[in-house]
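Reading the structure
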Amino acid sequence: MSFADLGLSDELLRAVTDAGYTEPTPIQRQAIPSVLMGKDLIGIAQTGTGKTAAFVLPMIDVLGEGRTRALMPRSLILEPTRELAAQVAENFEKYGLNHKLSMALLIGGVQMGDQVKALEKGVDVLIATPGRLMDLYGRGKILLTGCSLLVIDEADRMLDMGFIPDIEEICTKLPKNRQTLLFSATMPPPIKKLADKFLTDPKTIEVARPATTNVNITQRIVQVPATAHVKRDVLRRLLQQDEVSTAIIFCNRKTTVRDLNKSLKKHGFRSAEIHGDMDQSARIAELDRFKNGDVNILVASDVAARGLDVKGVSHVFNFDAPWHPDDYVHRIGRTGRGGATGTAYTLVTPEDAENIAEIEKLTGHKIERVPSPVAIDGADEAPAPKRARGGKRDAKKAEPRREEAVAEAPAKPKSRRAAAPVREEGPAPAPREEQRSRPPREERPVRDDRRRRRDQDDGPDEGWNGPIPDFLNYTIEA
Ligand code: AMP
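Time to look at helix H4 (residues 82–95). An ideal rise of 1.5 Å per residue puts 20 Å on 14 residues; H4 measures up with 20 Å between its terminal C-alpha atoms. Taking burial as the measure, the 14 residues of H4 include 11 buried ones, the bulk of the element. By the burial criterion, the buried members of H4 are Arg82, Glu83, Leu84, Ala85, Ala86, Gln87, Val88, Ala89, Asn91, Phe92 and Tyr95. Near the N-terminus of H4, the side chain that reaches the backbone nitrogen of Leu84, with its oxygen 3.3 Å away, is that of Thr81.

Next up on the list: the sheet that holds strand E9 (residues 247–251). Taken together, the 7 strands give an open sheet; going across it, the order is E10-E11-E9-E12-E13-E8-E14, and neighbouring strands pair in parallel fashion. Edge positions in the sheet fall to strand E10 (271–274) and strand E14 (368–370), since each has one partner strand and no second. Adjacent strand axes in the sheet meet at a mean angle of 25 degrees when their direction is disregarded. The pairing of strand E8 (residues 217–223) with strand E13 (residues 342–348) spans 7 bridges and is classified as parallel. Looking across to E13, one finds that Arg220 is bridged to Tyr345.

What follows deals with helix H13 (residues 280–291). Over its 12 residues, H13 extends 16 Å from the first C-alpha to the last, a length consistent with the 16 Å expected when each residue adds 1.5 Å. Among the residues of H13, those classed as buried are Arg283, Ile284, Glu286, Leu287 and Phe290. Across the axial projection of H13, the buried residues extend over an arc of 165 degrees, all falling on one side. Phi for Gly293, located one or two positions after H13, is positive at around 85 degrees.

Let's shift gears to the environment of Pro322. Position of Pro322 relative to the elements: it lies in the loop between strand E12 (315–318) and helix H15 (325–332). Spatially, the C-alpha atoms of Pro322 and Cys251 are 7.9 Å apart, while their sequence positions differ by 71 residues. Residues within four places of Pro322 in sequence aside, it is in contact with Asn252, Asp327, Tyr328, Arg331, Asn355 and Ile359.

Attention now goes to the environment of Pro202. Tracing the sequence through the fold places Pro202 in the loop between helix H9 (189–198) and strand E7 (203–206). Look past the residues within four positions of Pro202 in its chain and what remains in contact with it is Asp40, Leu41 and Ile42.

Among the 7 residues in E13, 7 count as buried, and that is most of the element. Of the two faces of E13, both are covered, the one formed by Gly342, Ala344, Thr346 and Val348 as well as the one formed by Thr343, Tyr345 and Leu347. In this sheet, E13 lies alongside E12 in parallel orientation, the contact comprising 4 bridges. Residue pairing for E13: Val316 is matched across the bridge by Ala344.

Conventions used here
- Residues numbered from 1 in each chain as written.
- Predicted model: local features only at pLDDT ≥ 70, side-chain atom pairs only at ≥ 80, totals over all residues.
- Heavy atoms only, no water.
- Helix = DSSP H or I, 4+ residues; strand = E, 2+ residues; numbered from the N terminus.
- Expected span 1.5 Å × (residues − 1).
- Buried < 20%, exposed > 50% of the residue type's maximum accessible area, 1.4 Å probe, protein only.
- Polar contact = N/O pair within 3.5 Å; in protein donor to acceptor, adjacent residues only side chain to side chain.
- Pairing = 2+ DSSP bridges.
- Axes fitted to C-alpha atoms, helices over the stretch in contact; angles between N-to-C directions.
- Arc of directions from axis to C-beta.
- Contact = heavy atoms within 4.5 Å.

Pasting the structure below:
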């Protein structure tokens, strides 16, 4: 089936061809005709499946007719984080080339004045994170009564971040006879309830989880001891022996991100880092260095890297096994995108056994165990290293250096109680301010590991690491 069979306009088909897409992905095949027909939709799909275009493309055609009115956006897309919101905006920019649609992006961390100006003129598409939207709504800067199309994207992430009450409230402000599209990687009971309450006779589409069946990603586990310098040694050897052109390396803690990046650079690798302690411009600068090839390795924390869509990432390394299986799915989904192949290595310490079992349960996939490339007590002999494509470094076996033996953070907390909702985006209602004024995560006693993970990247610069939003309010001329 081709894009032309889906009922999209010729202008849109031209933009899709210009974007280099030849064939719709499964979610696009199933979703686009329904959205064009005005049906409500539940899309059970993750990033990496082409789900953004599955709603952006038909929306452009649906909104092609009709006129904007001041303060009354015609459609609303809710995203959990700033970078996801920005990526959706980029999608509108890319596919809307031959249309004349106006758009505004409402995200924390960007000057409110520009956003208000955009809204005052009237927009066809409003892309927002729930916090900033509620903020502006509360100030009377926005009316949602003219909004006939609502997209709730990454609903399970929204749940994770405590946004569901905001979303419920937003839904009640929109006209009842609107069209609603809800996308979520999983359908836990609160999301199901939300869908039952706010969608009308929806069509449900489920596409395979990338991590479950994405044959494009080769997944491997390397058993390592919980010793920082040995883990770094193993990582370096993996970087050397595999065909690593570009890699994202995930760590569970900001301190580990910093230490690891420092160590990699010291060993001649071309690496950069992003984590929640960096201000927005520093994150953007580091990300740009990675995107334009100045460096080929990006060391990242989960929250800072969420939603990153960088083309052609050949490898993902979990320097720390993620504490939660859904993070594993998100992390490895940074590679193997858009039909490309990718490899994901996870360094696993004996303490990570339970986490790995949970990951394998979630994905239904037994991850291949491969021998460590460096000799570890009781482990298999190391295979000879090959030289990597991207890095400049010494190929000799790296001896752990004295100055590298920095103390790592304490072992993973045991408790697995339910997550306390912790918001990650910018604006300022009281609870978030309280959160910001708390001491850094490492200094606080931790009650459960989900909270711990969410807290690690708290801060006013939270989440946004995408491109500079020059698309805050623009009109695409045909
Ligand atoms: P998403 O799931 O929306 O995050 O998209 C994942 C990646 O797939 C993005 O880089 C898109 O640009 C790309 N993509 C979306 N649709 C297609 C398509 N039909 N063919 C090839 N790549 C696509």
